[in-house]
Protein chains: 2
Amino acid sequence: MEKYSGRPVSFRQVDLTGGFWQTQQELVRNVTIGAVYDRFEETGRFEALKGEWREGMPCKPHIFWDSDVTKWMEGVAYYLQKQPDQRLEEKMDMLVERMEKLQTEDGYLNSYFSTVEPKARFTRRLDHELYCAGHLIEGALAYYKATGKRKMLDLTIRYIDLIDRAFRIEHSAAFDTPGHQEIEMALVELYQFTGENRYKELAAFFMEMRGRSQKDRENSKEDPVSFQSHLPVREQKTADGHAVRMLYQLCGMADLALLDQDEEMTAACETLFDNVVHKRMHITGGVGSTYLAEAFTFDYDLPEVTTYNETCASIALAMFCRRMWLIEADHRYADCAELALYNTMLSGMSLSGDRFFYENPLAADPVRDRFNQSRKENLREHLPILERVKVFECSCCPPNLVRTMGSIGDYMYSVSGNTIYAHCYMDAEAQISLPGQEICLRQRTDYPYDGRIDLEIGTGGRYTIAPRIPGWCASYRVLVNGEEAAFDLEKGYARLERTWQEKDHIVLELDMPVEMIEANPKVPNLCGRVAVMRGPLAFCAEGIDNPDLPLRDIRLCMDSAFVVSMEEICGRRLSVLTGKASVRKDFDELYRICRAEEEDAAVKMIPYFAWANRGITEMNVWFIRR
Amino acid sequence: MEKYSGRPVSFRQVDLTGGFWQTQQELVRNVTIGAVYDRFEETGRFEALKGEWREGMPCKPHIFWDSDVTKWMEGVAYYLQKQPDQRLEEKMDMLVERMEKLQTEDGYLNSYFSTVEPKARFTRRLDHELYCAGHLIEGALAYYKATGKRKMLDLTIRYIDLIDRAFRIEHSAAFDTPGHQEIEMALVELYQFTGENRYKELAAFFMEMRGRSQKDRENSKEDPVSFQSHLPVREQKTADGHAVRMLYQLCGMADLALLDQDEEMTAACETLFDNVVHKRMHITGGVGSTYLAEAFTFDYDLPEVTTYNETCASIALAMFCRRMWLIEADHRYADCAELALYNTMLSGMSLSGDRFFYENPLAADPVRDRFNQSRKENLREHLPILERVKVFECSCCPPNLVRTMGSIGDYMYSVSGNTIYAHCYMDAEAQISLPGQEICLRQRTDYPYDGRIDLEIGTGGRYTIAPRIPGWCASYRVLVNGEEAAFDLEKGYARLERTWQEKDHIVLELDMPVEMIEANPKVPNLCGRVAVMRGPLAFCAEGIDNPDLPLRDIRLCMDSAFVVSMEEICGRRLSVLTGKASVRKDFDELYRICRAEEEDAAVKMIPYFAWANRGITEMNVWFIRR
């Protein structure tokens, strides 16, 4: 495709009709939305919007609560977009009314600063004020688009205009750029919706001042790398600091690069994408290798237990990838987005839909955890929790899951000129606008459990369909109406250009064998080990399925001959692997002269995202390669 | 041997005549004693004894400084025992004079409490007051025995009598037992020297009140497991809490068990020894798997990098073993003592003798360390340092090394009835008292670099010599005057009973092949891996010797065919191994489908104790087993 020519196809144009993601989306509609609402209600997050909190009262508003609420509202709006729900809409309207009352004369709108520290507005770079404003924009736009109700959008615009004056025009704020990036991409969305150039200019101001502002340096004395303020964004070559901030920044960078066809900004995005994907990402699409500041660390540092791998970080990584494929269709972006979505994002939520992980480690050791818990708090190491919980104090991930599942259709298609790119496969029907024609496309697939994707043409015409051949797929067939089709493979997309007839079928047969994956020898802790993947799914073994095996001692050989089957676990139909392995015979000594005594064992694995749904149990992703 | 019949053979009866330990001992005499003196002088540790510090002055005395000083004095005394040194003796006398002035009317003697918090004496269980008193006893006895000068001993006895009244007789102290064990074994030594039963009673009081005292519980609110106060010592079944405290406690327990032929106390010692050695000890004899409270953790938790493995803990482990073999000669005690002494203890000191490690990890990753150092302090993880330093703030290890090297001959022999047990082999000449006869024995050996030990009888007579066959040794010969000798093997000791003639030679030929060692499958991080040992020495590979190899990716096969040679490194003659290994060919991808592409490599290893003497470089002990 011609660079910078991509246009998104919104989830609004896509209806899931079955398969993996419909199940997931329905779960969120039926369970998660309400579960998150209840927790937010209990913790006072909605109450805070009333602006009635006073010193001494319980449930003191927190600096990021507004963003939790508006992220949840954004997610709800995506569901309302597809299916009206009066009770949900009433809740939304009630929240908007609170916002209206909370908003001050001059347009300011933030429950924390309005009630707790009214004199501190626009003075604390690290206190999430602009981050909350960004999520407000996204929630307001989503709600307006879903319902046509303008109130939330109008008050948001008043607030953003105040921000624009304080930061970009009058420079009266005590800092220049947000301590937690997010508003940049939201401003681009507001610009695209309103056509008002000042929002794009504000986004660009926030982006370009980062790493250059003396005011920022004086305002925030913490480690500037943590919030990517050590260098101007165009000069950043490695993904450093807080992972979600880094990746939200990259979303904004990619948005601006696309709008302006900005080669330098694009190069910065590509460099950082490469750094993440080639040197700093777990096989599960998890990023942020340390809990210390929830941050990226250094190349090839991919610890399994102490890694952070925040659910939000993988969501942000997928969001970044989706923007990059608009700049240039390259299968690597959708490959990465799938890893992030199918593994770490989904691991962030229980199969029951109401419990959440913030951290998503690649191994779990209940023995270590129990010991750690038994110690006094000041003697504990930081370990990820082993069971999902209903709410976190810092609760960004649950509503982020709601909004991402609600708009998952965003990841299916983009267009460029007369070409439809099919990125991530889902069972769905889409209405896609090409120049001068509206195309209906239907996908039928059991992806990611099966590699067969059936694309049915709903609208004839001359255009190109370019389905993605995933990077993990070494062998595949592309059939048109049952016959092998000729195509050009361009950066992993099979370009099929012809005059399509209604009811033509494109069938992709992606061979999806179980593969043993090795990591680069520069990753110290993964040397000598293999992970098991099938398609975009990473698999893990859990103690509960392998009660007699020392999970970390399981040896897989190249002919482990995994059998793939479907099994219902916790009410969900999941792909399950069983294969041959070996373990050492147990012995008593702590150390002994090495003997070649192994015994055969059968190992059972489930998709990584489904771990920790059956109580606290050992879990492992990387095994010994025999 | 008959249980409880063992008697030690002091280093005073042993003169090193060459070999490994003489080199080591001379280094300490020529370098370490002075190096530690200089650091202590600079930091004000000696000055503190004047008792002249006042608020606002630099070098505020610290609660454990007295113990640093008296541990150094104890070490110096051991050297003076063997070889007079007027300058050193003058320094010692100067320190004793300061102590004399510092001591109050009633006998109290502690530089911290006397100058910084005079009203707090005997009120703070966790402030090392009794620990310092214990080291004072050991230093005083050593100095008296070396020089016959009584002043230090006399003032110590005055102080201990005060302690005895405050704790055991009048119960006027605010707690019952020391927060940091040590004084128990020192009191036994004082009892044995003076014959005064009250010192043994005080030792027993401190030992038996531990875990039972209500006063202790009220006085120290911290985690009682950290200082082994969660249970009476006889009921402790696992080695928990601060490693040095645990092991010093065990020294005292073993001392009392031996004195009283106390079966219950012995059983507690044996249970705890087994727990350490079978479940909580690194292959280097390092113990204390976490820096958090410098503590033991849980069974099979043996992390390589984050382990603490304090130098002092391994010294304490060896001290405990030496006591246990008096209760019952079992080769397992000396096996363990050798692991601790030859690996972790020696790792605690540079080959140059003037730099020290407190922590002794089994792997070093300069890349991780560099990243960690680059972060702001509050964002750093705890990692062990990668180069030894001249002094620590908490400087227990350097003087502990001085006193242990000075008295290393303690580890050679014990007697029981008419039997001489030879535990650890060193090139030395000993004068050993048996009932009614004084026996001279000469050992000639290049142990641990060679398995041949030549024991020459210096004094004829009828007695039994029982040299130890180490647990690591699967094949050996015992020759008397060149002929294979008959012997009973009793718990790993080859009992040779006969009428010896002067100049008889017992030659042990212990086969000392290079062995690949595997750890129990329950140690998660060591699954699939092997360590390389030869005799009691663990080996490691360093980046500086293997510049082109990814150390963590080195695969050793069972026929790695290591060649043993001697090499001079940093002026020291060391045993070096070179062998065949393989590593994966380098590749670019972070993840890829596993390929069986390895290339041969030659790997060079040095004894673990000699690591980190040539700058900061990667180090590894556990390798992948091919």
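Coordinates for the structure precede this section.
Since the structure is predicted, the reported quantities are computational estimates derived from the model, not experimental observations. Here, residues in each chain are numbered from 1, in the same order as that chain's written sequence. For this description, chains carry letters from A and ligands carry numbers from 1, given in the order in which they are written. With the structure being a predicted model, the display of local features is reserved for residues of pLDDT at least 70 and the display and counting of side-chain atom pairs for 80 or more, all residues being used for whole-chain, interface and lining totals. Derived side-chain values reflect all non-hydrogen atoms in the structure, with water molecules and hydrogen atoms excluded from consideration.

S.K.: Go over the overall build of chain A, please, and point to the residues and values.
M.R.: Broken down by element type, chain A carries 15 helices and 26 strands. Within these notes, the globule rule equals 2.2 Å times the number of residues to the 0.38 power, and the radius of gyration is based on C-alpha atoms. Relative to the compact-globule value of 25 Å for 626 residues, chain A shows a C-alpha radius of gyration of 25 Å, a close match. Reported as C-alpha extents along the three principal axes, the dimensions of chain A are approximately 75 × 70 × 50 Å. The contact definition used throughout considers only heavy atoms, calling two residues in contact when any of these lie within 4.5 Å. Excluding contacts between residues fewer than 6 apart, the proportion of contacts in chain A whose partners are at least 24 apart in sequence is 71%. For the area figures, the Shrake-Rupley method with a 1.4 Å probe applies, and any residue is considered shielded solely by the protein chains shown. Carbon and sulfur atoms make up 47% of the accessible area of chain A, which totals about 21,300 Å². Charge-centre separation for chain A: the mean point of 76 positive side chains lies 2 Å from the mean point of 99 negative side chains. Secondary structure elements follow DSSP: runs of H or I of four or more residues count as helices, runs of E of two or more count as strands, with numbering from the N terminus. Positive charges come from Lys and Arg alone, negative charges from Asp and Glu alone, with His and the N- and C-terminal ends not counted. The location of each charge is read from NZ of Lys, CZ of Arg, CG of Asp or CD of Glu.

S.K.: How would you explain the sheet that holds strand 15 (residues 493–500) of chain B if you had to name every residue and give the values?
M.R.: Note on sheets: strands pair through backbone hydrogen bonds, and any given pair is parallel or antiparallel. All names here are of chain B. Pairing in this open sheet of six strands is mixed, and the strands run 1-6-7-11-15-14 from one edge to the other. Two strands bound the open sheet, and with one partner strand each, they are strand 1 (6–8) and strand 14 (488–490). Between one strand axis and the next, the sheet turns through 30 degrees on average, direction left out of account. Should DSSP find at least two bridges between two strands, the strands are regarded as paired. Under this scheme, a helix contributes an axis fitted over its contacting stretch, all axes are lines through C-alpha atoms, and angles between N-to-C directions fall in the 0 to 180 degree range.

S.K.: I'd like to hear about the side chain of Ser350(A), residue by residue, with values.
M.R.: Residues and elements named next belong to chain A. Inspection of the secondary structure puts Ser350 in the loop between helix 13 (331–347) and strand 5 (363–364). We call a residue buried when its accessible area falls under 20% of the maximum for its residue type, exposed when it is over 50%, and partly exposed in between, using a 1.4 Å probe and counting protein chains only. Classification of Ser350 as buried rests on a relative accessible area of 4%. Within the structure, the side chain of Ser350 is placed 3.4 Å from the backbone nitrogen of Asp354, a separation counted as a polar contact. Other than its neighbours up to four places away in sequence, Ser350 contacts Leu27, Arg355, Arg388 and Asn613. Polar contact is the term for a pair of N or O atoms within 3.5 Å; when the atoms are in protein, one must be able to donate a hydrogen and the other to accept it, and sequence-neighboring residues count only if both atoms are side-chain atoms.

S.K.: Which residues make up the pattern of salt bridges, and what values go with them?
M.R.: Note on definitions: salt bridges are taken to be side-chain nitrogens of Lys or Arg within 4 Å of carboxyl oxygens of Asp or Glu. As enumerated under the stated definition, the model contains 120 salt bridges over all chains in all. One salt bridge in this structure joins Arg168(B) and Asp164(B), with 2.7 Å as the shortest N-O distance. With Arg168(B) and Asp164(B) both in helix 6 (residues 151–169), this residue pair falls four residues apart, about one helical turn. What makes Asp164(B) buried here is its relative accessible area of 1%. Through salt bridges with shared partners, a single ionic network connects Glu518(A), Asp553(B), Arg555(B), Arg584(B), Arg592(B), Arg595(B), Glu597(B), Glu598(B) and Arg626(B).

Everything listed is a geometric property; what it means functionally is a separate question.
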